[in-house]
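# Summary of the model geometry
If you want the building blocks of each chain, they are given just below.
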Amino acid sequence: MELCNCIEPPWPADELLMKYQYISDFFIALAYFSIPLELIYFVKKSAVFPYRWVLVQFGAFIVLCGATHLINLWTFTMHTRTVAVVMTTSKILTAVVSCATALMLVHIIPDLLSVKTRELFLKNKAAELDREMGLIRTQEETGRHVRMLTHEIRSTLDRHTILKTTLVELGRTLGLEECALWMPTRSGLELQLSYTLRHQNPVGYTVPIQLPVINQVFNTSRAVKISPNTPVARLRPAGKYMPGEVVAVRVPLLHLSNFQIHDWPELSTKRYALMVLMLPSDSARQWHVHELELVEVVADQVAVALSHAAILEESMRARDLLMEQNVALDLARREAETAVRARNDFLAVMNHEMRTPMHAIIALSSLLQETELMPEQRLMVETILKSSNLLATLINDVLDLSRLEDGSLQLEIGTFSLHLLFREALNLIKPIASVKKLYVTLSLSPDLSEYAVGDEKRLMQILLNVVGNAVKFTKEGGISICAFVAKSESLRDPRAPDFFPIPSDNHFFLRVEVKDTGAGINPQDIPNIFMKFVQSQPLATKNSGGSGLGLAICKRFVNLMEGHIWIESEGAGRGSTAVFIVKLGIPGRLNGSKLPFVPKGPGNQVKPNFSGLKVVVMDDNSVGRMVTKGLLVHLGCDVSAFASGEECIRAVSHEHKVVFLDVSMPGVDSFEIAVRIHEKFSKRHDRPIIVALTANTDRTTKDNCLRVGMKGVVLKPVSVDRMRSVLSDLLEHGYLVETQ
Amino acid sequence: MEVDQLQRSFLEYTTSLFREGFLDGQFGQLQMLQDESNPDFVVEVVSLFFEDSQRILNDLSITLNQQNVDYKKIDANVPQLKGSSSSIGAQRVRNACIAFRNFCEEQNADACRRCLQQVKQEYLLVKEKLEALIRLEQQIVAAGGAIPMLNEFS
């Protein structure tokens, strides 16, 4: 609404004031009307404004104020009553609304203010979160870098690759200008520049290890900022710019032995390498904490990777060494085998070759001794005989020993009489002892059984050797031999700590002690006695004629018999006692032994069972036939007896195990019968064993019998015991042992 | 008691037979073969021996009484007798047979006849002894006792 502002001159001065009031009121009204419009417009625009009701109130208040001022315009001149009323109404309304608004604002303004505060608070929070996000992101990136680095480092087991990769990756991740690794030298006194990032082949700079800066770095596991001027950091040629910050960290060089499962070996490692990292010189970059952490982690990982590489190198080296050793051992073994084979061949040949002439010499010399000789000749022959006997013994000893050594000697087990053995030994030694005027006593304990099972010949050898030595080294007094059954306590001799004999039901341990009053032995010499080729008393051996092998062989035999032998002596001049313990079997208790067991004693107490054994007897003499049949029936056999060969041949079947053929029948060719019986059975194991019964045992009969395939010859008349042993023999071996 | 007495006289008789050489160890073996499963073994064998020997001796008599002595037949028979007697343990009969055999080889008819007589004599002696022994055994058994056995034979 445009008002003309032309000023009329005829207006009075107070009309001027009125005019100004008029104009101001007009403008106020205008403003009052436009403000709500603006408010409405902007409120409409923004959707989130929460106090609409307030605005409406405010708007109403403003509009009414405006209306009031507008109506005021009409009151300057004469106005009607209506205008006055309207004016009053609008004023009242305005008063009401403005008071209401004022009241309302009291509530609202604090709210509005607090909104502002909240906004500020949220902004701060957002800023903080942003910061933290930044941190986490950096950490995550660091982690990623570490993982990647580790992966790169650990993807190889080659030491050089590991180190090179470390430097390369670190350089890339952290954007380094230079990265170097200083390794300790072998002497441990210097650090040598081993790897750098930029130079391909670093020249071997060395730096003494005792520098303070190096010690500082080595004393902590953290990455340490060092001055770029230290010798370790002078890696780049001095440039125009300020060198970037340098950080150094220690890299533990772990050894295999340092690995403990539960804690990281911080204290036990002594050797460190030094890793130096340099930031680019022309940047203003600083080392950040997370970068330092990254460096520390990488350094640790490198240590682990290096030790893995070291372990691998070690194991490869060990494996190569082992292979070499294997080859060498194999060669040595083959050589040894060849040597043993050569020796065995030699022995096998020499055994025969040496013994044959020896026997010839001995035999012929003995024969010569029997002829008429002059005294000087007799003396000569005797010397020859003695020497060759000695030589023969020596040869036997050596050959025996070598057979014993390679374990090819086997004991010849048999039943023999112990009492007889000791008496024989006594008889052999008595003449020599009596010449030297020495007494010899023998005492056999009553609980020693008469018979035993073992190697009689070798036992005799042991006994003779021990007793012979006793006599040899005794000048006066005598020797006493005691033999008894060793009980468990006496078996565990303190002198023989590694001898653990285990008595059993089938065996017993024979303990023989031979005490002499002779020269005695120095306790220091005792261990040497049983060693071969060692003579214990060089003075006495002038006449001993021993090879030094005797006791060594005895020891071997005793060991074979699962026993032990030792000598006790209190010293020179106090005599000595030789003790040996051997394991012998109890006769009659060894059932099921597969060894050729030929009992020389008067039969076993055990009755072998032949019950049901089918046998055939052929004898044309009725009495003889009856007696033989009765004999076999008494032993439990199932006997079929025949008088004629034809009947016999017809009746023999594969069920019959033995056929007894009388070959002393005149006019009957028993041999032909034997042949025909053999022919009757095509399969070998069906054939019965054919044994000849005869009254005469001349060589021709025996030969004939064996020629036709008979397995034995038995002399008639046969006793029960004899028949029993014949049957056992036949069943065990398939032939009669003594006939062969 | 009677059984004891009988057993004692049996033992004495047997021992005397051994001592005098009529019987040897083989007879002892035969006695050992006699047991519950074979109670009459000795009697059976002895009877068989008597039969056999009688037959052979008769044969030999006939053969030797011929003009032309068939030495082959003698050669066939004498070993039989020898075998039987040795099987039973009749020592003296066996020894006589051995002598007989030697002369037979020499084909000395007179000597053979003399030997035959010898053999016959020995045979009759041992037969008598054995029969007495068997009678004693039967008496022991009838009296309810067991026949004792000599353990050692020299």
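Definitions and limits used
- Residues numbered from 1 in each chain as written.
- Chains lettered and ligands numbered in written order.
- Predicted model: local features only at pLDDT ≥ 70, side-chain atom pairs only at ≥ 80, totals over all residues.
- Heavy atoms only, no water.
- Salt bridge = Lys/Arg side-chain N within 4 Å of Asp/Glu carboxyl O.
- Helix = DSSP H or I, 4+ residues; strand = E, 2+ residues; numbered from the N terminus.
- Buried < 20%, exposed > 50% of the residue type's maximum accessible area, 1.4 Å probe, protein only.
- Patch = residues over 30% accessible without salt bridge, like charges linked within 9 Å, V, L, I, M, F, W, Y side chains within 5 Å.
- Areas by Shrake-Rupley, 256 points an atom, 1.4 Å probe, with all protein chains shown as cover.
- pLDDT = per-residue confidence, 0-100.
- Pairing = 2+ DSSP bridges.
- Axes fitted to C-alpha atoms, helices over the stretch in contact; angles between N-to-C directions.
- Contact = heavy atoms within 4.5 Å.
- Buried area = accessible area lost by both parts, 1.4 Å probe.
- Polar contact = N/O pair within 3.5 Å; in protein donor to acceptor, adjacent residues only side chain to side chain.
- Nonpolar A, V, L, I, M, F, W, Y, C, P; charged D, E, K, R; others polar.

Residue and element names in this part refer to chain A. Counting across every chain of the model gives 21 salt bridges over all chains. One salt bridge connects K116 with E119, and the closest N-O pair in it is separated by 3.5 Å. Here E119 and K116 lie together in helix α3 (residues 81–154), a separation of 3 residues that amounts to about one turn. Judged by relative accessible area, K116 falls into the exposed class, the value being 54%. A cluster of three or more residues bridged by salt bridges with shared partners is formed by D330, R333, R334 and E337.

Turning to a nonpolar patch on the surface, a few remarks are in order. Residue and element names in this part refer to chain A. Taken together, L16, Y20, I23, F27 and L30 make up a surface patch of nonpolar side chains, about 490 Å² in accessible area. Considering the arrangement of structural elements, one finds L30 in helix α1 (residues 13–45). On the basis of relative accessible area, L30 is assigned to the partly exposed category, the value being 45%.

Considering every residue of chain B, the mean pLDDT works out to 84; 95% of them sit at 70 or more. Interface confidence for the predicted complex, given as ipTM, is 0.85, next to a pTM of 0.37.

This part covers the sheet that holds strand β3 (residues 206–208) of chain A. Residue and element names in this part refer to chain A. An order of β3-β2-β1-β6-β5-β4 is seen for the 6 strands of this open sheet, with the pairing classed as antiparallel. Because the sheet does not close on itself, it has two edges, and the strands there are β3 and β4 (224–226). For this sheet, the mean angle separating the axes of adjacent strands, direction not counted, is 30°. Against the sheet, helix α6 (residues 289–370) engages β4, β5 (246–252) and β6 (272–278), with an angle of about 25° to β5.

This part is about the interface of chain B and chain A. The interface is formed by 22 residues belonging to chain B together with 17 residues belonging to chain A. Contact with chain A buries area across many residues of chain B, yet B:L33, B:L48 and B:Q80 alone supply 29% of it, more than any other trio. There are 0 salt bridges connecting chain B and chain A. Across the chain B-chain A interface, the total number found is 5 residue pairs in polar contact (both at pLDDT 80 or more). Among the elements of the structure, α2 (25–33), α3 (41–64) and α4 (71–88) of chain B are those that each provide at least two residues to the side of chain B that touches chain A. Of all the elements, α4(B) adds the most residues to the side of chain B that touches chain A, at 9 residues. A breakdown of the residues in the side of chain B that touches chain A according to their chemical character gives 9 nonpolar, 8 polar and 5 charged.

Before going further, it helps to examine the pairing of strand β10 (residues 478–485) of chain A. Regular strands have side chains that alternate between both faces of the sheet. Residues and elements named next belong to chain A. Most of β10 sits inside the fold, with 6 of its 8 residues counted as buried. Taken together, the 6 bridges between strand β8 (residues 439–444) and β10 define a ladder with parallel strand orientation. Note that in β10 the partner of V440 across the bridge is I479.

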